[in-house]
Protein chains: 2
Amino acid sequence: MRDFLPAEKARRERVLAVIRERYRAHGFDEIETPVMEEYARLHAGIGGDNEKLAFNVLARGLDAEAIRAAADDPAALTDLGLRYDLTVPLARFYATHRGQLPTVFRSIQIAPVWRAERPQKGRYRQFVQCDIDIIGDASARAEAELAVATLDTLDALGLEGGSIRINDRRVLDWMLESFGFGESERPSVLITIDKLDKLGPDGVVAELRERNATAAAADAFAAFLRRPMTMEYNPYGERQIRKALPEGAPDEIVAHLVGIGDAVAAARGGADIPLVFDPFLVRGMGYYTGTIFELAHPSVSYSLGGGGRYDGMIGRFLGQDVPAVGFSIGFERIVDLLEGGADAAASAVVLVHDRDVPTGELLAVKAALVAEGSRVRLEQRTKNLKALLERAEADGYTAFATVSAGATRTDLEVKPLG
Amino acid sequence: MRDFLPAEKARRERVLAVIRERYRAHGFDEIETPVMEEYARLHAGIGGDNEKLAFNVLARGLDAEAIRAAADDPAALTDLGLRYDLTVPLARFYATHRGQLPTVFRSIQIAPVWRAERPQKGRYRQFVQCDIDIIGDASARAEAELAVATLDTLDALGLEGGSIRINDRRVLDWMLESFGFGESERPSVLITIDKLDKLGPDGVVAELRERNATAAAADAFAAFLRRPMTMEYNPYGERQIRKALPEGAPDEIVAHLVGIGDAVAAARGGADIPLVFDPFLVRGMGYYTGTIFELAHPSVSYSLGGGGRYDGMIGRFLGQDVPAVGFSIGFERIVDLLEGGADAAASAVVLVHDRDVPTGELLAVKAALVAEGSRVRLEQRTKNLKALLERAEADGYTAFATVSAGATRTDLEVKPLG
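Calculation criteria
Residues numbered from 1 in each chain as written. Chains lettered and ligands numbered in written order. Predicted model: local features only at pLDDT ≥ 70, side-chain atom pairs only at ≥ 80, totals over all residues. Heavy atoms only, no water. Helix = DSSP H or I, 4+ residues; strand = E, 2+ residues; numbered from the N terminus. Buried < 20%, exposed > 50% of the residue type's maximum accessible area, 1.4 Å probe, protein only. Polar contact = N/O pair within 3.5 Å; in protein donor to acceptor, adjacent residues only side chain to side chain. Pairing = 2+ DSSP bridges. Contact = heavy atoms within 4.5 Å. Axes fitted to C-alpha atoms, helices over the stretch in contact; angles between N-to-C directions. Salt bridge = Lys/Arg side-chain N within 4 Å of Asp/Glu carboxyl O. Buried area = accessible area lost by both parts, 1.4 Å probe. Parallel < 35°, antiparallel > 145°, perpendicular 65-115°, else oblique. Nonpolar A, V, L, I, M, F, W, Y, C, P; charged D, E, K, R; others polar. Least-squares fit on C-alpha atoms with pLDDT ≥ 70 in both. Disulfide = S-S within 2.5 Å.

S.K.: Could you clarify how one ought to interpret the side chain of A:Gln126 in this entry?
M.R.: Structurally, the position occupied by A:Gln126 is in strand β6 (residues 126–135). For A:Gln126, a relative accessible area of 10% puts it in the buried group. At 3.0 Å, the side chain of A:Gln126 and the side chain of A:Trp114 are in polar contact. Only 3.0 Å separates the side chain of A:Gln126 from the backbone nitrogen of B:Val35, close enough to count as a polar contact.

S.K.: Would you mind showing me how to read the environment of B:Gly158 here?
M.R.: Within the element layout of this structure, B:Gly158 appears in the loop between α5 (140–156) and β7 (163–168). On a C-alpha basis, the gap between B:Gly158 and B:Lys383 in space is 41 Å, while along the polypeptide they are 225 residues apart.

S.K.: For this particular structure, what's the right way to read the sheet that holds strand β6 (residues 126–135) of chain B?
M.R.: Within a sheet, adjacent strands bond to each other through the backbone by hydrogen bonds, running parallel or antiparallel. Residues and elements named next belong to chain B. Strand order in the open sheet formed by eight strands is β1-β5-β6-β11-β10-β9-β7-β8, and the pairing between neighbours is mixed. Edge positions in the open sheet fall to β1 (29–30) and β8 (275–277), since each of these has one partner strand only. Strand direction decides the pairing type here: β6 and strand β11 (residues 324–329), joined by six bridges, are antiparallel. Note that in β11 the partner of Ile 134 across the bridge is Val 325. Docked against the sheet, α5 engages β5 (105–114), β6, β7, β9 (291–296), β10 (305–309) and β11, running at close to 15 degrees with respect to β11. Packing of helix α11 (residues 251–268) onto the sheet brings it into contact with β7, β8, β9 and β10, and relative to β7 it is tilted by some 160 degrees.

S.K.: Just checking my understanding: could you explain the pattern of salt bridges for this structure?
M.R.: Oppositely charged side chains may form a pair once their charged atoms are brought near each other. Residues and elements named next belong to chain A. If you walk through the whole model with that rule in mind, you get 81 salt bridges over all chains. Across the pair Arg 2 and Glu 332 runs a salt bridge, and its minimum N-O distance is 3.1 Å. With Arg 2 in the segment before α1 (6–25) and Glu 332 in helix α13 (residues 331–337), this pair connects stretches of sequence that are 330 residues apart. Judged on exposure class, the residue Arg 2 and its partner Glu 332 are both buried.

S.K.: What is the right way to look at the sheet that holds strand β15 (residues 415–416) of chain A in this model?
M.R.: Residue and element names in this part refer to chain A. Strand order across the open sheet formed by four strands is β13-β12-β14-β15, with mixed pairing between neighbours. Looking at which strands have only one partner, the edges of the open sheet turn out to be β13 (375–380) and β15. Of the pairings in the sheet, the one linking strand β12 (residues 348–353) to β13 comprises six bridges and is parallel in character. Residue pairing in the sheet places Val 352 in a bridge with Glu 379 of β13. Docked against the sheet, helix α14 (residues 359–371) engages β12, β13 and β14 (399–403), running at close to 155 degrees with respect to β13.

S.K.: Would you mind showing me how to read the interface of chain A and chain B here?
M.R.: Often the size quoted for an interface is simply the accessible area lost on bringing the parts together. Taken together, the 81 residues of chain A in the interface contact 82 residues of chain B. Across the chain A/chain B interface, buried area totals approximately 7,200 Å², and carbon plus sulfur atoms make up 57% of it. Summed over the shared surface of chain A and chain B, the result is 14 salt bridges. Put simply, B:Arg377 and A:Asp29 hold a salt bridge, and the shortest N to O gap is 2.8 Å. Linking chain A with chain B are 40 residue pairs in polar contact (both at pLDDT 80 or more).

S.K.: Hey, could you run me through unusual backbone geometry in this one?
M.R.: As a rule of thumb, non-glycine residues mostly have phi less than zero, and peptide bonds are mostly trans rather than cis. All names here are of chain A. The phi torsion at Asn 212 lies on the positive side, around 60 degrees, for a residue other than glycine. Its location among the elements puts Asn 212 in the loop between α8 (196–210) and α9 (215–226). Of note in the backbone geometry, Arg 283 takes a positive phi value of approximately 60 degrees without being a glycine. Following the sequence through the fold, Arg 283 ends up in the loop between β8 (275–277) and β9 (291–296).

S.K.: Honestly, the environment of B:Asn167 in this entry has me stumped. Any pointers?
M.R.: All names here are of chain B. Its location among the elements puts Asn 167 in strand β7. A C-alpha to C-alpha distance of 8.7 Å links Asn 167 and Val 276, two positions 109 residues apart in sequence. Not counting the four nearest positions on each side in its chain, Asn 167 is found in contact with Leu 172, Leu 257, Phe 277, Asp 278, Pro 279, Phe 280, Leu 281, Gly 290, Thr 291 and Ile 292. Engagement of the side chain of Asn 167 in a polar contact is seen with the backbone oxygen of Asp 278, the distance being 3.3 Å.

S.K.: Just checking my understanding: could you explain the packing of α8(A) against α9(A) for this structure?
M.R.: The description of two packed helices rests on the angle between their axes and on the distance between the axes. Residues and elements named next belong to chain A. α9 packs onto α8 with a crossing angle of 180 degrees between their chain directions and a minimal axis gap of 10 Å. It follows from the interaxial angle that α8 and α9 lie roughly antiparallel. Residues Pro 201, Val 204, Val 205, Leu 208 and Arg 209 of α8 form the contact with α9, whose participating residues are Ala 218, Asp 219, Phe 221, Ala 222 and Leu 225. For the contact of α8 with α9, the residue count by class is eight nonpolar, no polar and two charged.

S.K.: Teacher, can you tell me more about the pairing of strand β5 (residues 105–114) of chain A here?
M.R.: Looking down a regular strand, the side chains alternate between one sheet face and the other. Residue and element names in this part refer to chain A. Buried residues dominate β5, accounting for nine of its ten residues. Bridging between β5 and β6 involves ten bridges; their strand directions are antiparallel. If you follow Ala 111 over to β6, its bridge partner there is Gln 129.

S.K.: Teacher, can you tell me more about the relation of the copies chain A and chain B here?
M.R.: The relation between the two chain copies is a rotation about an axis coupled with a shift along that axis. For the pair chain A and chain B, the relating rotation is 180 degrees, the translation along its axis is 0.0 Å, and the fit reaches an RMSD of 0.0 Å. Interpreted geometrically, this transformation is the action of a two-fold axis. Same-surface contact between copies: 100% of interface residues of chain A are shared with the interface of chain B.

S.K.: What is the right way to look at the state of the cysteines in this model?
M.R.: One covalent bond between the sulfur atoms of two cysteine residues makes up a disulfide. Tallied over the entire structure, the rule returns zero disulfides over all chains. In this structure A:Cys130 is not part of a disulfide, and its nearest cysteine sulfur, from B:Cys130, lies 20 Å away. When its relative accessible area of 0% is taken as the criterion, A:Cys130 is described as buried.

Honestly, that's just the spatial picture; any functional story needs more than this.
As structure tokens, then:
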């Protein structure tokens, strides 16, 4: 967990303001839920591996006897936990407030989550997630709205040229079935396939064999991976999707994927469709039921976000299935990418004053500049004026003026810094 | 703990944006600390009664034996807790990062805190605090900068006419001593005096006698409360402060209070000084060492924030005393006061479309409006168009247009709602 000093905090808030403004422009509405959810809800099997990483809150009012009794059932020590994602709270929120929300509800959530990860570079125990979700729309339009809003936001952050890798869990399932993998072994096969980027085709096939996957199926899969093809991922469309899959892919799923591309192309208005079909994109979470995606940008090899369709989850809270699809932009990674951005403030002035300037005079001058729209910091003059001004410049200040006793706003000469 | 639906969340974000922008204009810098702090730090006696209300986080990796052993020492079950205020984390932050901060550090913290309060109207277990603090300036200028920034922020929120009740803990201590209260009984006497608004002068004196406060001191205090005086709190200044106190108030403390008023007056530029000296203002926290204040507004009887000087606290973390003073604006109360504010978005358009409009066409029209600077929500036409439009208006939308198959942006007739 980290402290954020002023320059870093200002950059984070600037990025969040852009994300919030763009998502809102695309018709999404921001909501907020408490950081703590009931323990039972956080450990209902929806959160996958993240459930194990949850921080749990000690129940209040436990006496010595209750604590001793909990030795055999540690869950009795806790009744609340810190959320590890924003999807479980959204499902609970939607089930609670459905009557007050539009039929198709487009939500924004911008908020911290907590996971007790082992400390390592780029992993934090508290980090901000920025999620948009569309609940109540089963059509490809939902995926397209998410993709367009996400790419527009990336553009607005100065990260033009982003694209979205896309696949469908149903495609993966059909493909594994067509190779001959049994239903029960498919989840484990997916975990191996998810390592394709890291292990390469031969490594993946070797691991499948090590894990005793159905041998004929592993052979069929190996043959498919080795088939001669130019890996022409563009242009995105039906021909290219069918080419990337074994023959006979289900029409309905292919049509859904093509529909997303057509809609994104129409909205983006360019010849290039910023989607890349990747038949081996897996995404870890168990709750995905259809489309899955990951956000890519040419400047980095890792993904800048991802999401997918999870039509089954809301039903677990509501007792009635409702289609849902979400996209989470990787806020922490994006902030790191944008390091060094400038402050939006038009004018930020350091007022360097002599020690003997009466406080009233000084605050009157400051108030006059604030009223003109400037951001103003007071600094008492030190021997090393240069160092003082350099530090102010590093903090985002753009100009300075010196104030002596008796001075008013009209006496002030505001000079640019640097 | 509460969920926030879109309209409420939007109002909260608008208020936060104004507060953040105004505080920054006055030269304060925002920082952020993790929501969890070490258990020992949260329970070091600084937090007063709030320490008992802390949510503590279950330590990870406790085995059955460790849990059984904790029956006699429940603190062993926890190593982290959720912060109950922003002052303890600020002191820890400053002690950690002092070398990277300006000599006089003006901080903004806008963040949630948690307290396990009994549920009651207007009390929440998770609520947002907005604090500004100045660390490293012992002069009255620090109090004046806080007061000016706070009143300007209140003005910017449309709550003009605010004022600040002010006192000094040293004044209280001197006054109690002059009445004859012993040093050890003064904290308990302060708790009773803090009820003056509720109990009235007679009730306070009666409680002091019930609690066996030094009898002669209680008599002297009673006589002081009953002295004939017009409660002329204005104009704020030395004459009025001395009139409100027993004779012989220490010059240095009075000068500090007068200095704050002069500086605020100079900065605000009006004849009225928006300060009210209240010799019986107490403020609950034990860590205050000097000036204390509360924010008042004519529209409400309760305070909209408060703060004070706590010169001793940073030293507990740093091993070296550093002057500090802070002001916390009552965000939750202000949001409730401002209920119903309008959205800042210039144009927010609902696109009502027929079911048969191709998704690509629809998203192209939406994208065109978004590119023009509008916020755009899609709604499929329902039989009751009026209800649909009324709900959109309640959600902050200002205009609508209907889209049929084949339409483009140029065919669109955007009409105002309502």
